[in-house]
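If you want the building blocks of each chain, they are given just below.
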Amino acid sequence: MGKRRLLAATCFAAFGAISVAYADTTLTIATVNNGDMIRMQKLTDDFTKANPDIKLNWVTLEENVLREKVTTDISTKGGQYDVLTIGTYEAPIWGKKGWLVPLTGIDKVDDLLPPIRNGLSVDGKLYASPFYGESSFTMYRKDLMAKAGLTMPDAPTWDFIAEAAKKMTDRAAGVNGICLRGKAGWGENMAFIDATANSLGARWFDESWKPQFDQAEWKKTVSFYIDLMKAAGPAGASGNGFSENLALFQTGKCGIWIDATSAGSFVSDPKASQVADKVGFALAPDAGLGKRGNWLWSWALAIPAGTKQADAAQKFIGWATSQHYLELVASKEGWGNVPPGTRTSLYANPEYEKVPFAKMTLDSINSADPTKPTVKPVPYVGVQFVAIPEFQGIGTKVGEIFSSVLAGQTSVDDGLKQAQDFTTRQMTKAGYIK
């Protein structure tokens, strides 16, 4: 029997035995419109053939819209969705509130990478299963770096990145030295800015929950970011998030891109990237203070407590986040396109070890510490977010302010004052500040 037929037969045996229990079941799945999730949708025949009585209804949304709709639905018990795509921020908060169903059908739970698994659990219970896990790192054009007379170190500093980006910029040729997130959103521009701030000594709150945007470290962070983007970034950067910067990099319009490690497969895939054979990878930068500017995240699948299709949802999430699914992607698309950052066994696989960004991804994930995210002590956990319920609203507003600064509509000083005043009001209202 051929390898693929054997794989399909094994899948049918594993997933088909109890499909009769789900007659006339339709799962509505809310997910983000990124490449890995879209690829999963194309491969779901593997699931539905083994489970013919389960139908799948996809609601695919842009990242900020997904977060808004999913949060509204689960907090109001709207019941629109049976499977949610959420992240490391929402899973423990919503799990603790009883808004999510604990997951029981996950293949080889102990194989999940500890930093990712811990971020999706509460009191040892897994409330979301990682579809992929990520940190952030530096992607760069090796040819443009050489042309600039520079060599990218495996562990660059921010000073080196700024120097390289400026030297690699060639406006006449349509090449920007660097592309960084500017689109407003707590999970868009603030993911990058927060992680950068950590490495430059800034923090959201001091140990008494007092906001810190009036401190010198935040002025240094935002000024560095704005100055670098003006000198070497693309036009209209305040509207660019992950997807927009990915497109710019893939089409040869960026020399350096610091973003999610999950982008590694898309920038190095010759089917999708015009510069696939010219891409190098390095850790996220630091400033010599002991913290790198990399985050920790997972896009994960979860079940809202209000669903009437919990059993079928468990079955689907078990399939989508299984080792079998990783092997399915590898058989169709190659190991370089397997969803990264979820399982220890993936990084022990000799075939996956050949993927150029594999080791750098694992090193980046393992180096991010949500319990000690900053140089100075803080009362919160979370690297590119603060793990409190109020952060989603606060981070969204601060993201809008900093995007306005990048667009030239607000000065750095005014933006920081607005962030300080707004965050102070919200934290006082929520009772963190007396």
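Residues numbered from 1 in each chain as written. Predicted model: local features only at pLDDT ≥ 70, side-chain atom pairs only at ≥ 80, totals over all residues. Heavy atoms only, no water.

Q: Talk me through the sheet that holds strand β1 (residues 25-32); I want residue IDs and the actual numbers.
A: As summarised here, the arrangement of the 5 strands in space is β2-β1-β3-β11-β6, forming an open sheet in which the pairing is mixed. Edge strands, defined here as strands with exactly one partner in the open sheet, are β2 (54-61) and β6 (129-134). For this sheet the average axis-to-axis angle between neighbouring strands, irrespective of direction, equals 15 degrees. Pairing of β1 with strand β3 (residues 83-86) involves 2 bridges; the strand directions are parallel. (Pairing = 2+ DSSP bridges. Helix = DSSP H or I, 4+ residues; strand = E, 2+ residues; numbered from the N terminus. Axes fitted to C-alpha atoms, helices over the stretch in contact; angles between N-to-C directions.)

Q: Which residues make up unusual backbone geometry, and what values go with them?
A: Here Asp-123, not a glycine, exhibits a phi torsion of approximately 50 degrees, which is positive. Among the secondary structure elements, Asp-123 is positioned in the loop between β4 (121-122) and β5 (125-126). Residue Trp-209 is not a glycine yet carries a positive backbone phi of 70 degrees. With respect to the helices and strands, Trp-209 occurs in the loop between α9 (189-199) and α10 (216-232). The buried category is assigned to Trp-209, whose relative accessible area is 16%. (Buried < 20%, exposed > 50% of the residue type's maximum accessible area, 1.4 Å probe, protein only.)

Q: Give a description of the packing of helix α8 (residues 158-168) against α10 that names residues and reports values.
A: For the pair α8 and α10, interaxial distance at closest approach is 9 Å and the crossing angle is 20 degrees. When the axis of α8 is compared with that of α10, the two are roughly parallel. Considering the relative orientation of α8 and α10, their crossing is left-handed. Contact residues: α8 offers Trp-158, Ala-162, Ala-165 and Lys-166, while α10 offers Phe-224, Leu-228, Ala-231 and Ala-232. The class makeup of the residues in the contact of α8 with α10 is 7 nonpolar, no polar and 1 charged. (Parallel < 35°, antiparallel > 145°, perpendicular 65-115°, else oblique. Left-handed = near helix turned anticlockwise from the far one by under 90°. Contact = heavy atoms within 4.5 Å. Nonpolar A, V, L, I, M, F, W, Y, C, P; charged D, E, K, R; others polar.)

Q: Give me the lowdown on the environment of Ala-387, citing residues and values where you can.
A: Note on placement: Ala-387 falls in the loop between α17 (358-367) and α18 (391-406). Among the residues examined, Ala-387 registers a relative accessible area of 29% and is labelled partly exposed. Setting aside its immediate chain neighbours within four residues, Ala-387 contacts Tyr-89, Ile-93 and Val-381.

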